[in-house]
Amino acid sequence: PVRGGELPNAFALAQNYPNPFNPSTTIEFAIPKNEFVTLKVYDLLGREVSTLVSENLNAGSYKVRFDGALHASGVYFYKLSTGSFNTTKKMIVTK
């Protein structure tokens with residue numbers, strides 16, 4: 001993940017942009033403290049299709065690209081998880 005500037009004071013997961021997308025999109029998130037972070041993508045049936053982040057990260061704001069070129073058109077979910085925070089958002093791949 002690419003880290004940005006100022007330190008956030010809360011967890012945040014932004015809506016991916018662009019959405020819908022083809023073939024790739026950017027997902028931004030923020031963590032207010034150093035934590036182990038996972039960012040995973042799931043299909044509509046809840047099957048994991050990609051792990052974008054799975055590592056200890058320092059507090060900060062991050063951007064990650066998701067390449068949907070190898071995935072079918074449709075709705076996907078991306079989930080940010082840390083020791084104390086979980087949230088999920090929806091994105092759409094169009095071909």
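To be clear, the structure that these remarks concern was listed above.
Residues numbered from 1 in each chain as written. Predicted model: local features only at pLDDT ≥ 70, side-chain atom pairs only at ≥ 80, totals over all residues. Heavy atoms only, no water.

Novice: Summarise the side chain of Ser24; cite the residues concerned and give the values.
Specialist: As for its placement among the helices and strands, Ser24 is situated in strand 3 (residues 24-31). There is a polar contact of 2.3 Å between the side chain of Ser24 and the side chain of Arg65. Sequence-distant contacts of Ser24, defined by excluding residues within four places in its chain, comprise Pro18, Arg65, Phe66, Asp67 and Gly68. (Helix = DSSP H or I, 4+ residues; strand = E, 2+ residues; numbered from the N terminus. Polar contact = N/O pair within 3.5 Å; in protein donor to acceptor, adjacent residues only side chain to side chain. Contact = heavy atoms within 4.5 Å.)

Novice: Tell me about the pairing of strand 4 (residues 35-43), and please be specific about residues and values.
Specialist: Bridge count between strand 4 and strand 5 (residues 48-57): eight bridges; the pairing is antiparallel. Looking at strand 5, one finds that Thr38 is bridged to Ser54. Between the end of strand 4 and the start of strand 5, which pair antiparallel, lie four residues, with Gly46 showing a positive phi angle near 85 degrees. In the sheet, strand 4 pairs with strand 7 (residues 74-81) via six bridges, with the strands oriented antiparallel. (Pairing = 2+ DSSP bridges.)

Novice: I'd like a rundown of the sheet that holds strand 8 (residues 86-93), residues and numbers included.
Specialist: By way of backbone hydrogen bonds, the strands of a sheet pair with one another, either parallel or antiparallel. The four strands lie next to each other as 5-4-7-8, forming an open sheet whose pairing is antiparallel. Each of the sheet's edge strands pairs with one partner strand only, and the pair in question is strand 5 and strand 8. Direction aside, the axes of adjacent strands within the sheet are offset by 15 degrees on average. (Axes fitted to C-alpha atoms, helices over the stretch in contact; angles between N-to-C directions.)

Novice: Pulling in residues and values, what's your account of the environment of Pro23?
Specialist: Here Pro23 shows up in the loop between strand 2 (12-13) and strand 3. With a relative accessible area of 39%, Pro23 lands in the partly exposed category. Each C-alpha atom, one on Pro23 and one on Phe66, is 8.5 Å from the other, the two residues being 43 residues apart in sequence. Residues within four places of Pro23 in sequence aside, it is in contact with Phe66, Asp67, Gly68 and Ala69. (Buried < 20%, exposed > 50% of the residue type's maximum accessible area, 1.4 Å probe, protein only.)

Novice: Can you tell me about the pattern of salt bridges, naming the residues and giving the values?
Specialist: As a working rule, side chains carrying opposite charge can pair if their charged atoms are close by. Taken as a whole and assessed by the stated rule, the structure comprises two salt bridges. Linking Lys40 and Glu48 is a salt bridge whose minimum nitrogen-to-oxygen distance equals 3.4 Å. Residue Lys40 is classed as partly exposed on the basis of its relative accessible area, which comes to 22%. With a relative accessible area of 43%, Glu48 lands in the partly exposed category. Across the pair Asp43 and Arg47 runs a salt bridge, and its minimum N-O distance is 2.7 Å. Given a relative accessible area of 11%, Asp43 falls into the buried group. (Salt bridge = Lys/Arg side-chain N within 4 Å of Asp/Glu carboxyl O.)

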